[in-house]
Structure formats: structure tokens, C-alpha cells
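# Coordinate analysis (summary)
Single-letter residue listing:
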Amino acid sequence: MTKRRRRKRKAPAFNIDLDDIRIQRIMAISLIFLAGYLFIAFISYLFTWHIDQDKVLDFSWVALLSNEHEMANWIGNLGAVVSNMFFYWGIGLSSFIVPVIFAYWGLRRLQPSKFEKRENLESYLVAGGIVTAVFLEYVFSGASFSWGGAVGEVICNWMYSFLGGVGLFAFFVFIAIVSVIWFLNPEWHDLKYFDFRIFRKKAQTSESTVVAVPQSGGNSFSTNSPFEKVESKEGFSEVRYNPAMEGEVVQLENERQLEFKVEEAAKKRAKLVKKEPQETKLEIKDTLQGESGPSEDADPPPMDNEITQENSTETEPYDPTMDLSNFKNPTADLLDDYNEQKIEVDRKELEANKDQIINTLRNYKIEITKIRATIGPTVTLYEIVPAPGVRISKIKNLEDDIALSLAALGIRIIAPIPGKGTIGIEVPNKKKQIVSLKEVLASEKFQNAKMDLPLGLGKTISNDVFIADLAKMPHLLIAGATGQGKSVGINTILTSLLFKKHPSQIKLVLIDPKKVELFPYVKLVKHYLAYLPGLDEPIVTDTTKVVHTFNSLLIEMDERYNLLKKARARNIKEYNDKFVSRKLNPNNGHKFMPYIILVIDEFADLIMTAGKEIELPIARLAQLSRAVGIHLIIATQRPSVNIITGVIKANFPARIGFKVTAKVDSRTILDTGGADRLIGRGDMLLSYGSDLIRLQCAFIDTPEVERVIDFIDEQQSYPIPYLLPEYSGDEDKIGGGFNVNEIDSNFVDAARLVVQNQHGSTSMIQRRLKLGYNRAGRIMDQLEAAGIVGGSAGSKPREVFMHDEVELERYLEDLAIRK
């Protein structure tokens, strides 16, 4: 007999089938219990957070397992830690969506028939929770309780700096309206006749909707239609809305459909009323083809050329860029990218600075309740909220002590920060970041800027791109010590304008006493530059020509004001809009006026050599030229009171201050301190109105400027440059403009006195001839007009052109004024 082999039984494999109903129920119950656990922990956190907050922040998971601390939360230590994680570090009060989502998942697995799966429900809850967290942080900003959590605070701060307070509020209103439309989808067209129902009895005339309908073709409305046909006095039918029949379906006979175009009918009716009585007969053709087809007696429809005959008389708007229609502005590819040199601020550095600030304030018995940092390219702003009862001046006086504890230069305290209710401490970063102009000009904020003259200045301390409008400034004063970024700032401003504006829209008048800073822009002579006729170089460097340029701009300003007066326009924008729309006749002298921007690189040298001859025209231009589109940008490295006088400061509300050596210079520029505590290399303060904004100026190197200029120079230009009005100076009046009959009776004596002493001084004429200062000044002007003495040289005596009295007597005989 053969032995039967026993089969070895294999041990059953322990496989978990996730589709098993038992597994589904266990997971459902677990999710529901987890939701209940979190819900109770969150409810408890609302009442016990102030007790557990300090313990949880210093808590660790090892301490959690060892039970070293006791928490007041109803669910114990774990409930306190989890609640703090969701509320403090998460989304604040919106954390209640977490147990709601878990409960929904559990109930849907437990009873799928009663809880149907809704598409994107979890996404809607998460998005709504985040938006709610941001809104709560916006409403309860600065509260000790974490209404929006860390996530809501970070997003709210970013959106507040990006949109501003009003813009952020408008954003929340927009989100609310969109949510109502998306989830409720109300029938908005029901409100169309709301006013008609309420005020129908009070109104003397019917305000119902009126549309013109064809009188031929047999189109009539059924009896149950909410529209009724009424014969009007003008000879055509009207359809009036009847609210009593609202909800009924409009039916037309012969099963035709009619489109009611209310606006077109109203326009036709308005044209009908304006016509003469003999032309009031209006024939409306039935364009709807019925079974019988169109009427044989009807006139054929007008051709296209007959319809547009009236509109063809209208001319197209004038295009100022038409002469250079193929011109292309420079692109960001021409600029260098410094992203490779970006340096991230070390987290340890932030924590160390924060601890040093807190300890320094505690040493002086100053307690704070909150501190947070905003990282910028070169400066980090620490915002602190002092405890109640602490004087702001006490913190302000600790500026040097905080700088000593942090071992940093350039500490600046803003007490308080306008609009925030906090005190700001600006601490320079140990590793500075370069802000490239490419990054600024390529940003959406600059590309989408709807400004007349946008300037991409740089970035704020919150790392946001800052764009300013020169047309609203309307003039800009730049000052700072040597080598702190003034010339780079001017190149940044000019490049911003070249990137955004067409050559027909702006013209640049460049004055460079140093003769080496603005020389690359010579190539733009037929594109963007404007200068006096007859100059050898388009960039003005000679002091005498500078005075003539200012006086020429004054003539240009007066001519523009005369054109504005004729056009009945208040400013250049209104005037150009009228000219573009062809409301002004060029035969009457009207023309398209570009913006003219006067740039002076070193103003101190001009004041030292020309004095009042420079200051007075600049003051007049600054006072009056804004409306006619002439704007001034003045830079100087000597911000002293004899250079930046009160007359100039009064007419330059926008000022940029780079680093200076003394607080007196900072007060001269900005009327406040702060520029003396900057760190240099483009770090600047912009004062505009009552705002004082710290910026890191965008950097552009000379090779980048040359590439941009070469890109423009290679394109088609105007055949002739833009010339300013011709100005005849005093030296042109010596031969023919000198009027002998108008000279002073002491003119000859003063001339002899000046030639004898070879010293042209108004005070000397005043002392020797015993005259008043005004009269002596007029005599000196007459001597200059006669060619006896030279022009004013500031505090130095004037040059005497006559070497002896014999030469003077001959000259006076020629002028027939010998005494």
C-alpha cells in the first residue's frame, strides 16, 4: 500500500482589506472621536490660553511625556500643545475647520447615503479658513490673543504693505461678494424692476422699460405677456413693462422671436426727437422674415457706405508717436542681474538682535509685550509694542545704547511708526543685498504703473518695490555726501524714464558742471535731449550757458501757459488730451507738448559761481512749471544752508537724502534727522509731504547705462533735435541793446572809479559815491551791460575789462556819454 502524503497547510496571511466594512467603520469612528477631541481642546484653549501660553512656548515633547508641567487645558498637556500649534502657529480661530473636516470625513464613511460627497468641500473650507484668519488678524491687529495665528499675521502684514489699509478692506469686500455669488447665486435680474414696483404709484410719468417694435408684420403680444404695446405720439409703437404680469412667458404670434434692445431704441428715439418736423417720419423695417417673406414695396436696406457716411467725417485721434512709430523702449535684458549675490539673513542673527534689544530695554526697566522683524535688503525693522505706561521718549533716548549693544552702525528709531501703533528699530544687516535696477524695472508694479513719469527708485525695508511719480512730486532734490549714491540715483531715475516713455513724450535738459557724470547721454541728442540752439554740446557744462538755459526754460514756460490759456486747460495733461482728440487747431499755434525734465548733477558749483542768477530762475521754475510739464531734479553733495536755501526748499517738497556726515546737514535736506545714521551705498531716505520712507536705491552700473543708450541710439531718431526757445543774454546787448538815455547820472563817475581801482564791486560804488545799495546795484548792471565790467562771480569782485582811463574815455566817446 502506498502511503498518502500529508499536505502541509499554509498559515493564513494577515492581509488588511481597506474595503472591508469593518475597517471603514473603525476609521470613521476614529475620525469622529479625533474631531471631538480637537473640538474640546480648542474650546478649552479659548478659556485657558493665557494660562498655558508661556508654558507651551518653552515646552518640549520630552517634557510632554514626562509630565513635568501641568496645563490648564481640559484635555491635558497634549490638548494644550496641539491647540497652541493650531491657534498660535497656525490659522487662529479658523482652526475649528479642522475638527469639522475630520467629522465630515468620519460621518461620510459611516453613513455614505446620508452624507453625500461634495466636490471641493475641503478646499473651500481651507481657503475660507485662511481668508478668515487674515481678516481676523486685520480686524484685531495687535491683540494679545492669536485671532489669525502666525499664518494670518504673515499674510495680513504682506497684503497690508502691498495693498494698504483701504486696499485690503476692499479686497475683503470683494471676496465676500464673490463668495455670495459663487455659493448662493442670487437672481440679480429680479432687482431690475424693484424701483418700479415701489415708486410706480408716486411717479407722475411711467418709468417702465420702453423699446421700439416694428409696426408692420403683425407682431403682437399675447394677453398673458408682461409687456404691453402702446401707440406713441411720435408715430411708432412702444412696449411698456407691466409688473402685474411678471413671471409670465412672452409669446409672439407666428412663433417669432423678438430681441428687445433697449439702449439702441432709446438712441434712435433721441435722434428722432432732434430732427426737424418734416423728418420725424420714421420707417422701421421688419427684418424678421416670416412665412410670406419681406414686403415687395419696402425699400432695400442701406449699404454699408451709407450707414458709415456720418461717422466717416470723424478723424482719428492724433498719435504723437507716429513719427517714430517703430521705436521700441529698452528691455530688462540689457541690465545685469545681481540675484546671484543675494544674501539671506541668518535666523540666528535675527534671534540674537531680538534678544539684545529686549535685554537692553529691560536693563532700563522698559518692558515690551510684542516684537517682530521685517527683513529688508540692507536693513531689518524690529517693531516693538511697549507695555502700558512706558513713555515713547524713553525708548527714543536709548538709540545709542541699542547701537552699542548690537555693535552696529546706522541704528534708527522710529517712535512711533505712523499708522501702526508700534515703535520701529531699524538695524542694518551684517550682509547687505544689492537691489538691481533690472529687478525693479521688470516687476509688475513698474510694468503696470499708470503714472505720467514713473520712477523705479528701489526697495523699501519690507523688500517691496517702490515706484514714485515725478509728475506728482513735482520736483526732486537729491543731497548726500560724496560717494554715497547720488550719481547712481540719477542714472536710476533717467533709466526708469527711458524704459517707460517714448521720445515724443519726454525731453531731458541735462546740466553737468563736473562734465564727466552725464556724458553717456550725448548719444540721445536726437531722441530725448533738449538744449539751446547754437550750443556746441547738448549737455550744458558752462556756467554762462546754464543761466541762458534757465532763462530759456522760463520763456518756454510762459509760452506753454499762453497755449493753456487759449485751450482753456488747467494743466499739460488736459491740454495734450484735447490736442490728441483734435480739439485744438495746430494752425492757431497749438502743438503736442512733451514733459521737460531738467537734471542738474552738481548744484553747489553753480551756486558758488553764479549765485542769484541761478537761484532766482530755479525758484520761479519750481513755483510755476509744474502745470506745464517742466520738472526739476537737482543733486548736490554740499547740503548746507547757503546752497539749499529756504527759497529752494520751499518749492521742493520731495527730497532724497543719502548718507551725510552731520545731523545739521540731515535737517537741511529733510527738515529732520536720520540721514546721518544711514549706512551708505545707496541707503536713502525719501521725504515726500509728511512721509519719511527708507529705501535702498536700485543699483545700475555705467556699462549697463551705456548698453541702454546704445540700444536707443541704434534706432531711428528725429531729423533735428528738440530746441529750446532762443535767449539773448546781457552780452548780446552791449553793442545794440544798451540805451544811453536810461543810464544813471552817476554812471560815468562809477565807471571811472571802477577802472581806477580795477575792482568791480557794488559795495565800493555805494561807499565812494554815497549811494543806496539798490541804486549802486543798478549802476553795476549798467556797467555790465556797457561791457565795462564782467558778470557776477558770487562773492568775488567782478572782472574789469578796461585797463586804464584812456581806454575808458575812448569807449565813452564812442557811446556819446562823456560827462
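The structure displayed is predicted, hence computed values, not measured ones.

Per the secondary structure count, the protein chain includes 26 helices and 18 strands. Per-residue burial over the protein chain gives 42% buried out of 819 residues. Across the protein chain, contacts joining residues at least 24 apart in sequence account for 66% of those joining residues at least 6 apart. Accessible area for the protein chain stands at about 47800 Å²; split by element, carbon and sulfur atoms hold 53% of it.

Attention now goes to the packing of helix 4 (residues 97-110) against helix 5 (residues 121-139). The interhelical angle for the contact between helix 4 and helix 5, taken along N-to-C directions, is 170°, at an axis separation of 10 Å. Between helix 4 and helix 5, the interaxial angle falls into the category roughly antiparallel. Residues Ile 97, Val 100, Ile 101, Tyr 104, Trp 105 and Arg 108 of helix 4 form the contact with helix 5, whose own contacting residues are Leu 121, Glu 122, Leu 125, Val 126 and Gly 129. Its residues assigned to classes, the contact of helix 4 with helix 5 shows eight nonpolar, one polar and two charged.

What follows covers the sheet that holds strand 11 (residues 506-511). Across the sheet, which stays open at both edges, the nine strands sit in the order 9-8-17-16-15-10-14-13-11 with mixed pairing between neighbours. Edge positions in the sheet fall to strand 9 (465-469) and strand 11, since each of these pairs with one other strand and no more. Sheet twist, expressed as the average angle between the axes of neighbouring strands with direction ignored, equals 30°. Two elements, strand 8 (residues 454-460) and strand 9, share five bridges in a ladder whose sense is antiparallel. Paired with Gly 456 across the strands is Ile 467, a residue of strand 9.

What follows concerns the sheet that holds strand 6 (residues 412-414). Sheet architecture is open: four strands sit in the order 4-5-7-6, paired in antiparallel fashion. With one partner strand each, in any of the chains shown, strand 4 (368-375) and strand 6 form the two edges of the open sheet. This sheet shows a mean twist of 20° between the axes of neighbouring strands, independent of strand direction. As judged from the seven bridges shared by strand 4 and strand 5 (residues 379-386), these two strands associate in the antiparallel manner.

Moving on: the environment of Thr 672. Examined against the element boundaries, Thr 672 turns out to sit in the loop between helix 21 (663-670) and strand 16 (683-688). In the structure, Thr 672 is positioned 20 residues away from Leu 692 in sequence and 9.5 Å away in space, judged by C-alpha atoms. Among residues more than four places away in sequence, those in contact with Thr 672 are Ser 666, Arg 667 and Leu 692.

Judged by nonpolar contacts, the single largest core of 108 residues is most densely connected at Leu 457, Tyr 521 and Ile 614. The dominant element in this core, judged by the number of residues it contributes, is helix 16 (residues 543-567), at nine residues. Residues Ala 776, Ile 779, Val 789 and Tyr 811 belong to the second largest nonpolar core, which totals 22 residues.

Residues Leu 476 and Ile 478 of strand 10 (residues 476-479) are buried on one face, and the alternating residues Leu 477 and Ala 479, pointing to the opposite face, are buried as well. In terms of strand pairing, strand 10 meets strand 14 (residues 630-636) through four bridges, oriented parallel. What sits directly across from Ala 479, in strand 14, is Thr 636. Of the strand pairs in this sheet, strand 10 and strand 15 (residues 654-657) are connected by four bridges, and their pairing is parallel. Its bridge partner lying in strand 15, Ala 479 is registered against Gly 657.

Position of Ile 709 relative to the elements: it lies in helix 22 (residues 702-713). A sequence separation of 186 residues divides Ile 709 from Lys 523, and the C-alpha atoms of the two residues are 7.0 Å apart.

Our next topic: unusual backbone geometry. Along the chain, Met 473 connects to Pro 474 via a cis peptide bond; the corresponding omega equals -5°. The residue Pro 474 is located in the loop between strand 9 and strand 10 in this model. In this structure, Lys 770 is a non-glycine residue whose phi angle is positive, near 55°. Counting through the fold element by element, Lys 770 comes out in the loop between helix 24 (762-768) and helix 25 (773-785). By relative accessible area, which is 75% here, Lys 770 ends up exposed.

Attention now moves to the pattern of salt bridges. Per the counting criterion, the structure on display carries 24 salt bridges. The closest approach of N and O atoms between Asp 710 and Lys 523, which form a salt bridge, is 2.8 Å. Of the two residues, Asp 710 is situated in helix 22 and Lys 523 in the loop between strand 11 and strand 12 (530-531); the sequence distance between them amounts to 187 residues. Residue Asp 744 pairs with Arg 775 through a salt bridge whose shortest N-O separation is 3.0 Å.

Position of Glu 704 among the secondary structure elements: in helix 22. Buried charged residue Glu 704 carries no salt bridge. Nearest counter-charge: Arg 707, at 4.8 Å. A polar contact of 3.0 Å, which involves the side chain of Glu 704, links it to the backbone nitrogen of Asp 336. Not counting the four nearest positions on each side in its chain, Glu 704 is found in contact with Leu 335, Asp 336 and Tyr 338.

Scoring rules and cut-offs
- Residues numbered from 1 in each chain as written.
- Predicted model: local features only at pLDDT ≥ 70, side-chain atom pairs only at ≥ 80, totals over all residues.
- Heavy atoms only, no water.
- Helix = DSSP H or I, 4+ residues; strand = E, 2+ residues; numbered from the N terminus.
- Buried < 20%, exposed > 50% of the residue type's maximum accessible area, 1.4 Å probe, protein only.
- Contact = heavy atoms within 4.5 Å.
- Areas by Shrake-Rupley, 256 points an atom, 1.4 Å probe, with all protein chains shown as cover.
- Axes fitted to C-alpha atoms, helices over the stretch in contact; angles between N-to-C directions.
- Parallel < 35°, antiparallel > 145°, perpendicular 65-115°, else oblique.
- Nonpolar A, V, L, I, M, F, W, Y, C, P; charged D, E, K, R; others polar.
- Pairing = 2+ DSSP bridges.
- Core = buried A, V, L, I, M, F, W, Y, C linked by side-chain atoms within 4.5 Å.
- Salt bridge = Lys/Arg side-chain N within 4 Å of Asp/Glu carboxyl O.
- Lys, Arg positive; Asp, Glu negative; His and termini not counted.
- Polar contact = N/O pair within 3.5 Å; in protein donor to acceptor, adjacent residues only side chain to side chain.

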